[in-house]
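# Analysis of the macromolecular model
Listed below, chain by chain, are the residues.
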Amino acid sequence: MSIKHQFRRSFASIAAAAAASDFPSLSSSTHTYYLNYPRLLSACKHLNHLLQIHAQIIVSGFNHHPSITHLINLYSFFHKCDLARSVFDSTPDPPRILWNSMIRAYTRSKQHNEALEMYCCMVEKGLEPDKYTFTFVLKACTGSLKLQQGILIHEEIARRELECDPFIGTGLVDMYSKMGDLKSARVVFDNMPERDVVAWNAMLAGLSQSEDPCEAVDFFRSMQLVGVEPSSASLLNLFPGICKLSNIELCRSIHGYVFRRDFGSAVSNGLIDLYSKCGDVDVARKVFDQMAGKDDVSWGTMMAGYAHNGCFVEVMELFDNLKLGNMKINKVSAVSGFLAAAELRDLEKGKEIHDCAIQQMIDSDVLVATPLMVMYAKCGKTEKAKQLFWGLQGRDLVAWSAIIAALVQTGYPEEAFSLFREMQNKNLKPNRVTLKSILPACTELSLLKLGKSIHCFTIKADMDSDLPTRTALVSMYAKCGFFTAALTIFNRMSSRDIVTWNALINGYTQIGDPYNAIEMFHKLRFSAVNPDSGTMVGVVPACALLNDLDQGICIHGLIVKLGFESDCHVKNALIDMYAKCGSFPSAEFLFNKTNFTKDEVSWNIIIAAYMQNGHAEEAISAFHQMRLENFHPNSVTFVSVLPAAAYLAALRKGMAFHACIIQMGFLSNTLVGNSLIDMYSKCGQLDYSEKFFNEMGHKDTVSWNAMLSGYAVHGHVDRTIGLFSLMQESQVQIDSVSFISVLSACRHAGLVEEGRRIFHSMSDKYHIRPDLEHYACMVDLLGRAGLFDETLDFIKGMPLEPDAGLWGALLGSCRMHSNVKLAEVALDRLVKLEPRNPAHFVVLSSIYAQSGRWADAGKARSKMNDLGLKKTPGCSWVELKNKVHAFRAGDKSHPQLESMHSLWNTLLEKMEKMGYVPDRSCVLQNVEEEDKEMFLYSHSERLAITFALLNTQPESTIQIVKNLRICTDCHTTTKFISKITRRRIIVRDATRFHHFEDGICSCNDYW
């Protein structure tokens, strides 16, 4: 065999090392020294010494086959296959023993294809393989997963009648087992005349990895029954099978077996892993704590166990202890640490682990580098993650799949697709894991067509048959709302696990179809598959969508029964469900339970729950408490808490949140930006809303709608219509919400013709079907204009059944024009739709009072009392010095009440001189005229205005918020006060903003 050029060069460098050798020079007369070479080679512990001995052998011309064999084996031991090959190639007519040594060297270095090539070359040269050759070649077949070649070699072994050799038999069992052909493995095993513990272990390993790991447990028992004493390897081979069974009782039995014998730290580490993967991480920790001689493997296994069970804080604690004990971090520890840092979004700790990995020179290993870049991606450092990815040597499919999945999970689906295309451009064929990673991006970007293309690819590549891929496809189709395809795949699956069921249940819930979600849950209960915590996270929100508290309570009971109540995600779902189903005390109780380990999602849910239930101040307090407990607000937190500032018109608090958003880097987030536009407009600062809207880098339809709504609620109809036109010119997607804002602006301004034109354009031009809210806007617009005949015709011609919102709009219009007859019709319908809403009786009573029909007004109020309903009391509030001051109608408890009354009397005197006459029709009670005036003077907005006048600088703007519609007399009064005090007064009532300045209101007295 010729010596290749690269081997000549290696060979020459070895010869050159002779000059630096510590060994004496040899001559042909010193033949006795040759006898020292085998001894020197046997004693060689370092590569440099081996190179020196080899150099002396070259110089001396010594050519002794046993020593040459020894050299090849030693180079193999030091993973220097190129040097071993140079020795082999330099030997003329190498005997079989050298061929075997070289095949073994390649196999040991995991160069399995090269080992098989050596075997083929050996056979071609006419050398007869022996039992050692076959032992090494079978390992190469196993390592390269070449079953067909292994079968051919098995035939050669059988032809030579070597199957009975224990080494070859064990090699065959091992090969067939690792390649999933357990039937062939068992045939070989059963035909072996002598089976030692190694053969049993090989068969045991295969059975543990099989679809029925119970066979492995039975096999382990059989092994002992025939008198074979299990070794450490036996137990380590059995553990994966027990992990698959997830049988904690079996864990304990094996633990007892181990406890009665001394198997060493390797089995103890295996027990830690076993208990962790079977879900009992507490016992795993006890095993760890009781170990006498913990090594880096023990620490790594315990950290991996915690990571596997989602105990990421405990992973970090172990990492700190590992450092304190001056233990070295290994690859497993590093991987677990990066996973924990990623899940906790703890960038600083992630960087600390990264530094340790650099010190141990393991950071460039693809096994470590992959979770490292995922950690940076999940902590928001996508550029750093991509930099590490592109700098990673030997990027494999695992690395590509990991970075793609991380980008999708952290909200960068576009970049994930970009990398997916780049991967294909490099002629890398995606595997099942890659496809499972990219499919969620199709959902995020609503790219159903691309999802279908990936599905086609899986079919063509024969990758669509395994359970995880099919489950990912079901999930993708379900989340894209294409349930026909999702159900087709689901129904064709021969076996389904809980993840598959959850994909459908969660899919139905996420698209707002709770009925099918509940139905699928009931089908699951009748199947052989048990629900898990993920199932509950999907089905509990379905109860919230149905507003079905009873169903939610039943499922809560099932959660307790199945032991899922301690799961943070399940508890978050329950808190959210109770809050949305009107049982806020239950939600608050669950949140405040001492044993509840909260996360950011928990805080976001309770903040949103406070807002949904009208507790804006508590929502803001919860935000501050969240920060005090060292939780980091995310974009969802700010989207949840900004409406609280908006509701209270607490501008200072809103601006403080804005500053916090800038500091934490969320300003570019579109959802947060939209909430800021809404907050500033509802706090009366429309100019701030405009400024932020104009400076937004990325606007979506919601951004434009928020600005449209701001203009509409402030009564700027021209700006609303102008922005709507600009929205069309900019080719922004217009939706049904856009039309609600424009129609609201028209109704506030009384633009009937413009309103009609815009309403009809919805279906004629934009092909958007009007819903009940749009019809209610039109009823309000026409009713305010006094066009009651047209309003009734409009209602009769509706394709939808009118709801309470629409009849309420008509009732409000009747109050404006004192149309008693039509108001009674509207109330009759409202009582049927919302029998427990007192506001409708109050409005009708007001209409009766305006018409002087006090007896009917009294009857309306009596009927309301008979039903046990109470009028919502008028309440107004003003924010001063970062504190919200609230006032109720007739409030006499305020410490500044005397000063407020004195100021009111002064203002009243000036108003009367200017022609103010109280509008007593605004008082619903049938009392004396003088008493009616006293009722008027104690309305909540007047108390708030006088308080603000006393406690603010002259000429500063006053902003008041009222929970109900401002009455006619308070509207008139506020105009007078703005002129007398030369103050700009902004009042936000239940329907719109009123900007009072110099005796004029922005609504032009049309509201």
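Counting restarts for each chain, with residues numbered from 1 along the sequence as it is written. Under the rules for a predicted model, residues below a pLDDT of 70 receive no local features and side-chain atom pairs below 80 are neither given nor counted, while totals for whole chains, interfaces and linings still include all residues. Excluding hydrogens and water, the side-chain figures rest on all heavy atoms present in the structure.

Moving on, we come to the overall build of the protein chain. Across its full length, the protein chain carries 55 helices and 6 strands. Here the protein chain has a C-alpha radius of gyration of 40 Å; the compact-globule value for 1007 residues is 30 Å, and the former is much larger. Across its three principal axes, the protein chain shows a C-alpha extent of roughly 135 × 60 × 60 Å. Taken over 1007 residues, the protein chain has a buried fraction of 49%. Looking at the protein chain alone, contacts between residues at least 24 apart form 63% of all its contacts between residues at least 6 apart. Surface accessibility follows the Shrake-Rupley procedure with a 1.4 Å probe radius. Residue values consider only the protein chains on display as shielding. For the protein chain, the exposed area adds up to about 48,100 Å²; of that, 52% sits on carbon and sulfur atoms. The charge count includes Lys and Arg as positive and Asp and Glu as negative, but it does not include His or the ends of the chains. We put the charge of a Lys on NZ, of an Arg on CZ, of an Asp on CG and of a Glu on CD. One finds the centroid of the 103 positive side-chain charges in the protein chain at a distance of 2 Å from the centroid of its 108 negative side-chain charges. Secondary structure elements follow DSSP: runs of H or I of four or more residues count as helices, runs of E of two or more count as strands, with numbering from the N terminus. Two things to know: the radius of gyration comes from C-alpha atoms, and the globule rule equals 2.2 Å times the number of residues to the power 0.38. Between buried and exposed lies partly exposed: a residue is buried under 20% and exposed over 50% of the maximum accessible area for its type, with that area taken using a 1.4 Å probe on protein chains only. By definition in these notes, contact holds between two residues if any of their heavy atoms fall within 4.5 Å.

This paragraph deals with the sheet that holds strand S3 (residues 958–962). On the basis of which strands lie adjacent, the open sheet formed by 6 strands has the order S2-S1-S3-S4-S5-S6 and mixed pairing. The two strands at the open ends of the sheet, each matched to only one other strand, are strand S2 (883–888) and strand S6 (1000–1001). Two elements, strand S1 (residues 875–880) and S2, share 6 bridges in a ladder whose sense is antiparallel. Residue pairing in the sheet places leucine 880 in a bridge with lysine 883 of S2. Its contacts with the sheet place helix H55 (residues 968–981) against strand S4 (985–988), strand S5 (993–997) and S6, and it is angled at close to 35 degrees to S5. Note on pairing: two strands pair once DSSP finds at least 2 bridges between them. Axes here mean lines fitted to C-alpha atoms, for a helix over just the part in contact, with angles spanning 0 to 180 degrees between N-to-C directions.

This part is about the pattern of salt bridges. Salt bridges are counted wherever a side-chain nitrogen of Lys or Arg sits within 4 Å of a carboxyl oxygen of Asp or Glu. Under the criterion given, the structure shown has 41 salt bridges. Between glutamate 790 and arginine 756 there is a salt bridge, and its shortest N-O distance comes to 2.6 Å. Taken together, the positions of glutamate 790 in helix H47 (residues 788–796) and arginine 756 in helix H45 (residues 752–764) put the pair 34 residues apart, joining distant regions of the chain. With relative accessibility at 31%, the residue glutamate 790 sits in the partly exposed group. Since its relative accessible area comes to 18%, arginine 756 is described here as buried.

Below, the discussion takes up the packing of aromatic side chains. Two rings from Phe, Tyr or Trp (for Trp, the six-membered ring) form a pair when their centres sit within 6.5 Å of each other. Planes less than 30 degrees apart are called stacked, planes more than 60 degrees apart edge-to-face, and all others tilted. A full pass over the atoms with the stated rule returns 31 aromatic pairs. Among the aromatic residues, those joined into a ring-pair cluster are Phe623, Phe638, Phe657 and Phe666. Over a ring means this: the NZ of a Lys or the CZ of an Arg is within 6 Å of the ring centre and within 35 degrees of the ring normal. Residue placement shows lysine 294 over the ring face of phenylalanine 288; its charged tip is 5.2 Å from the ring centre.

With that settled, the discussion passes to the side chain of asparagine 572. Along the polypeptide, asparagine 572 turns up in helix H34 (residues 568–580). By relative accessible area, asparagine 572 is classed as buried at 2%. Beyond its immediate sequence surroundings of up to four residues, asparagine 572 is in contact with Phe596, Asp599, Val601, Ser602 and Ile605.

This part takes up the pairing of S1. In terms of residue burial, S1 counts as a mostly covered element, since 6 of its 6 residues are buried. Going residue by residue along S1, you find Cys875, Trp877 and Glu879 tucked away on one face and Ser876, Val878 and Leu880 tucked away on the opposite face as well. Between the antiparallel neighbours S1 and S2 lie 2 residues, among them lysine 881 with a positive phi of about 50 degrees. Bridging between S1 and S3 involves 2 bridges; their strand directions are antiparallel. Within the sheet, the bridge partner assigned to serine 876 lies in S3 and is lysine 962.

Here we take up the confidence of the model for the protein chain. Scored from 0 to 100, pLDDT reflects the predictor's confidence in each residue. For the protein chain, mean pLDDT is 87; residues scoring 70 or higher make up 94% of the total. Contacts from residues 1–34, a stretch scored under 50 in pLDDT, to residues over four places away or in other chains number 47 contacts. In the predicted structure, residues 926–931 sits below a pLDDT of 50 and forms 4 contacts with residues beyond four places in sequence or in another chain.

Bringing the environment of cysteine 581 into the picture now. As for its position among the elements, cysteine 581 is in the loop between H34 and helix H35 (584–592). Measuring from C-alpha to C-alpha, the distance between cysteine 581 and leucine 152 comes to 68 Å, with 429 residues separating the pair along the chain. If near-sequence neighbours (up to four positions away) are discounted, cysteine 581 is found in contact with Cys543, Ala544, Asn547, Asp548 and Leu549.

It is worth spelling out helix H36 (residues 600–612) at this point. Look at H36: 18 Å from first C-alpha to last across 13 residues, which is about the 18 Å you get at 1.5 Å a residue. Burial of H36 is extensive: 10 of the 13 residues sit out of reach of the surface. As for H36, its buried residues are in contact with H34, H35, helix H37 (616–628) and helix H38 (635–648). Each polar contact in these results corresponds to two N or O atoms within 3.5 Å; when the atoms are within protein, one needs to be able to donate a hydrogen and the other to accept it, and residues that are neighboring in sequence are counted only if both atoms are side-chain atoms. The opening residue of H36, the one whose side-chain oxygen lies 3.2 Å from the backbone nitrogen of valine 601, is aspartate 599. After H36 finishes, the residue glycine 614 shows a positive phi value of roughly 80 degrees. Multiplying one less than the number of residues by 1.5 Å gives the expected span of a helix.

Our next topic: the packing of helix H19 (residues 312–324) against helix H21 (residues 347–359). Viewed as axis vectors pointing N to C, H19 and H21 meet at an angle of 40 degrees, and their least axial separation amounts to 12 Å. In terms of axis orientation, H19 runs oblique to H21. Seen along the crossing, H19 lies across H21 with a hand that is left-handed. Between H19 and H21, the contacting residues are Met316, Phe319, Asp320 and Lys323 on the first element and Lys349, Glu352, Ile353 and Cys356 on the second. Side-chain classes follow a simple rule in which Ala, Val, Leu, Ile, Met, Phe, Trp, Tyr, Cys and Pro form the nonpolar group, Asp, Glu, Lys and Arg form the charged group, and the remainder, Gly included, forms the polar group. Split into classes, the residues belonging to the contact of H19 with H21 amount to 4 nonpolar, no polar and 4 charged. Angles below 35 degrees are treated as roughly parallel, those above 145 as roughly antiparallel, those between 65 and 115 as roughly perpendicular, and all remaining angles as oblique. Helix crossings are classified by the rotation of the near helix relative to the far one: an anticlockwise turn of less than a right angle makes the crossing left-handed, while a clockwise turn makes it right-handed.

This brings us to helix H15 (residues 248–259). With 12 residues, H15 should cover 16 Å at 1.5 Å per step; its first-to-last C-alpha distance of 16 Å lies within 8% of that length. Turning to H15, its buried residues number three or more, namely Leu250, Cys251, Ile254, Tyr257 and Val258. Looking straight down H15, one finds that the buried residues subtend no more than 120 degrees of arc, so they occupy a single side. Turning to H15, the residues buried within the fold contact helix H13 (214–225), helix H14 (232–245) and helix H16 (265–277). By definition, the arc is the one covered by directions from the helix axis to the C-beta atoms.

What follows deals with the packing of helix H26 (residues 432–444) against helix H27 (residues 448–460). Contact pair H26 / H27: the axes reach a minimum separation of 9 Å and the direction vectors enclose 160 degrees. It follows that H26 is roughly antiparallel to H27 by the angle criterion. Considering how the two elements wind past one another, H26 and H27 form a crossing that is left-handed. Each of Leu435, Ile438, Leu439 and Cys442 in H26 lies in contact with H27, whose residues at this interface are Leu450, Gly451, Ile454, Phe457 and Thr458. Its residues placed into classes, the contact of H26 with H27 shows 7 nonpolar, 2 polar and no charged.

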